[in-house]
Every structure is written in structure tokens, then in C-alpha cells.
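# Architecture and fold: a report
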Amino acid sequence: MIERIKSALSDCGIALWRINDNTEETAELFFVKKQLDTRRFKDVRKFQVTVFRDVEKEGASLRGFTSVTLLESMSDEQLRQELKNAYYAAQFAANPTYELADPVKAPIKEKSGELCEAPLSESAGKMAKALFAADSENDAFVNSAEIFVVRSKKRILSSEGTDVSYTDAKVNGEFVVQCREPEDVEIHNIYSYDSLDTEALGKKVREALAFVRDRARAKRILKSGKYDVVLSGDKVASVLSYYTSRSAAHMIYPGYSTWKVGEAVQGEGIQGAKLEIDLCATEPYSEEGVPMEDLPLLREGTLQAIHGNNRFCRYLDIKPTGTYRKLSCANTGVTFEELKKGPCLWAVTFSDFQMDAMSGHFGGEIRLGYLIDGDSVTPVTGGSINGSLFEAQENLQFSSDRYESANYSGPYGLRINGVNAAGTDD
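Quick summary incoming for the structure in this document.

How each quantity is defined
Residues numbered from 1 in each chain as written. Predicted model: local features only at pLDDT ≥ 70, side-chain atom pairs only at ≥ 80, totals over all residues. Heavy atoms only, no water. Pairing = 2+ DSSP bridges. Helix = DSSP H or I, 4+ residues; strand = E, 2+ residues; numbered from the N terminus. Axes fitted to C-alpha atoms, helices over the stretch in contact; angles between N-to-C directions. Contact = heavy atoms within 4.5 Å. Parallel < 35°, antiparallel > 145°, perpendicular 65-115°, else oblique. Left-handed = near helix turned anticlockwise from the far one by under 90°. Nonpolar A, V, L, I, M, F, W, Y, C, P; charged D, E, K, R; others polar.

## Remarks on the sheet that holds strand β3 (residues 60-70)
Spatially, β4-β3-β2-β1-β5-β6-β7 is the arrangement adopted by the 7 strands of the open sheet, whose pairing is antiparallel. Strands at the two margins of the open sheet, each flanked by one partner only, are β4 (94-96) and β7 (185-193). In this sheet, neighbouring strand axes are inclined to one another by 25° on average, regardless of whether the strands run parallel or antiparallel. Looking at chain direction, strand β1 (residues 16-32) and strand β2 (residues 35-57) are connected through 17 bridges and run antiparallel. If you follow Ile19 over to β2, its bridge partner there is Val49. Strands in contact with helix α2 (residues 76-90) are β2, β3 and β4; relative to β3, the strand with the most contacts, it is inclined by about 150°. Against the sheet, helix α5 (residues 198-217) contacts β5 (140-158), β6 (163-179) and β7, and its axis sits at roughly 160° relative to β7.

## Considering the packing of helix α1 (residues 2-11) against α2
In contact at an axis separation of 9 Å, α1 and α2 are set at 55° when each is read in the N-to-C sense. When the axis of α1 is compared with that of α2, the two are oblique. For α1 against α2, the interelement crossing comes out right-handed. Only Asp76, Leu79, Arg80 and Leu83 of α2 make contact with α1, whose side of the interface consists of Arg4, Ile5, Ala8, Leu9 and Asp11. Across the contact of α1 with α2, the residue classes break down as 5 nonpolar, no polar and 4 charged.

## Here's the deal with the sheet that holds strand β11 (residues 302-303)
Strands sit in the order β11-β10-β9-β12-β20-β19 across an open sheet of 6 strands; the sheet is mixed. Each edge of the open sheet carries a strand with a single partner, namely β11 and β19 (402-404). Bridging between β19 and strand β20 (residues 408-411) involves 3 bridges; their strand directions are antiparallel. From the neighbouring strand, Glu404 faces β20, where its bridge partner is Ser409. Taken strand by strand, helix α6 (residues 234-246) contacts β9 (277-280), β10 (295-299), β12 (326-329), β19 and β20, and its axis lies near 100° from that of β12.

## A look at the packing of helix α4 (residues 120-133) against α5
Contact pair α4 / α5: the axes reach a minimum separation of 7 Å and the direction vectors enclose 30°. One element, α4, and the other, α5, form an angle in the roughly parallel class. Here the hand of the crossing between α4 and α5 comes out right-handed. In this structure, α4 contributes Lys126, Met127, Ala130 and Leu131 to the contact, and α5 contributes Thr198, Leu201, Gly202 and Val205. Residues of the contact of α4 with α5, tallied by class, amount to 5 nonpolar, 2 polar and 1 charged.

Structure representation (C-alpha cells):
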């Protein structure tokens, strides 16, 4: 198929291109309560072809690109027609010209581990067992769940001479927990791991069941005002993604971010934790074929690197790093139980938690939170929080407890002082 695509590209007169050959094997399990409702196995191979077109406009050299997905079932004529259409469209998405990714050739990189080597059905079964292990009570239970175990092989080729391959495996899915008394409520949860982390999934389910019990009896008594807010789990990752976004080449090149390497982006008067953040290479190559490696991003709150895809890094005249999907935060502190001591609002689940990389504002409508004051812990629902990381970042406090997922490795808890909350008296 690769040779057929190359031949079609040649027939169409397309000189600059990239082929992403992606094969995925997937085991999918769907549960209604604890009963397996549907089981599916897929083996799909797709070819994403990106074509580049150079054009001149008002004396300026421009380069545009368009991607199209091709299938093995297509005829040669269909391949040529799809590529012709993509090449035609590329002229309308032209930007200042830039060099394509440098060519790389290397032997295939094989990912190891149980998730990569065991039968997909076996791995899916282990994750199902871990998911339902904590579902042992009648008052709160898992009412539905989905498990996806994905094993992939990816090959990247380009007209510049790149030819690299690697294997990967991930497990992800979602589950809904429900409690019917005293109020019938549900909480939706998602998970994603790059290893067969049954322990992490089991812990997440146990926590979700405890949360939904408390959500069922939570009261709408949150008053407007300022609170020390504690965030946990995925919400900590969302807040810290501000630093990933603001240091990205596609934000810096157009001027949306003014950050520079060596700048104290966390501020000059840090009283709390000085941020130590790395970007993690979860795959050996980006989709453009750029070799990827772990990248130090912040050290003691100071920016160490700018990162991004080939085009925007070329515009900034820096080495392309590829696009990262995972961040690691090395900061630590007291235990999570200690972090919650003193009056605070532990905001647990939201209708839609947002971290705005442009403004630095974060927040959302609270579905479940805990008002904590000494030994008094009161589950609450309703109201919302709206904080500014830009204003609060000099006094961040982290827990020593850790949290792991496919896109985050770092402290489980984060305490942010002086966050605005809108409550029932508005």
C-alpha cells in the first residue's frame, strides 16, 4: 500500500509529502452494571497522507498543507483523486514557508510491558476486574463502564527521507457511578493509562464511589466569598497545563504569549512551591517524525524551553521538539490530609472545569465539593469558583501524594489561596 500511495503521489506531481501509516488493534468492553453487554475487537489500518504545496502570493513564498485519510480498499484511481483534491485545497491554507522536518531513519522502536505483549482480551479482562473490585455495596455502584485496550504500530515516511516506526499501547475508557439515596445522582469519570495500571484504576473507582455517596447528600449552602481552594487529580493537571500552553511555539510565535527562555514565568516573589515541570515523551517520534525526548520545562519557576511542532519551531528558529501530551510535576509537600487542614473548599467534581491559557483564569460549576473547617467536613453542591493562576501562582502548595495517568504524573493535591466563589446568596 505504501508503494501504491507513493506512485499516486508521483502521478499527481506532488513532490512534498508525509505518510502516517497507523495500524490499531482494539479490544472494547461495554458493561451495564457488572454485566458485559457488548464486546468488540477491531483491527484497522489507515494511511494519513499530508501533502504540501508551495505558492507565491504578492511576492511572498508560502507553503500550505492538507491531510487526507486513505484506505487499502481504495482503487488506484480513488487514491489519485483524493490526493489531487488535497493538493488543490492546500493552496488555500498557505502560511509563510518553512523547512519540513529533518529526515530520520532508524530501526523500529518496540514498546515493552504487559500491555504491549499480552493478548488484548486478557488485558481488558484484568482492567474490568480492577474496575469492579470496589463495587461491592448497594447504595453506590458502577452503573455502566467502557474499557478500550489499544495496541498500535505506527510508521512515518516523508519525501525528505524519513522512515521510522514504533509500537505503542494504551488503555482508556469511562465509567459512571450512581447513588440513589437520598438524591438520585450520577458522576461520570474518564481514565487513561499508558500501562496496565490496575491499581490506579481500582483506586479511582473507590474514590468515585465515595464521591457519589457524598454528592447524593450534598447541600446547596456554599456562600459567596474568597476561599482557599484545594483541587485534586485531573484538575491539578488541568491547572498546570497553563504552563505547557503558554510555553508552546504556536502561542509564542503569533504573540499570544510573550514568554522567553530564562524568564521567571511564575513570578519574582514566590512564597510557595517553585514549580518543577517536565514534558514527557510518551512516543519516540511526533506525527511529523521529529524525535522526541523528555524536556525540562520549568526549574524553580523559570522557563527552560519552548516546545512545539515543526512549523512553529522553525518560525521561531529553534529546534523542533514535537507536540507533547504529558507533563510531569516534581513538586511535593505535606500529605493530602495535611494540605486540607485549615478552612478550605475542596472542589472535587465540576460540570465543566476550564483552564484558560490566554487569561490564566480557571474554574467551573461545582457538582461536589467539601467545605472543611477543622473537624467539620460538609459536602456541598452548586455554586462555582473562578480563580486567576496569574495572581495566585506565587503561593501554590502541593501534596506529597502522587497521581498518575496517561497525560499527567505529579502531586495529587494542589491548594490555591484566595479563590473567588459564587454561591447561593448571589
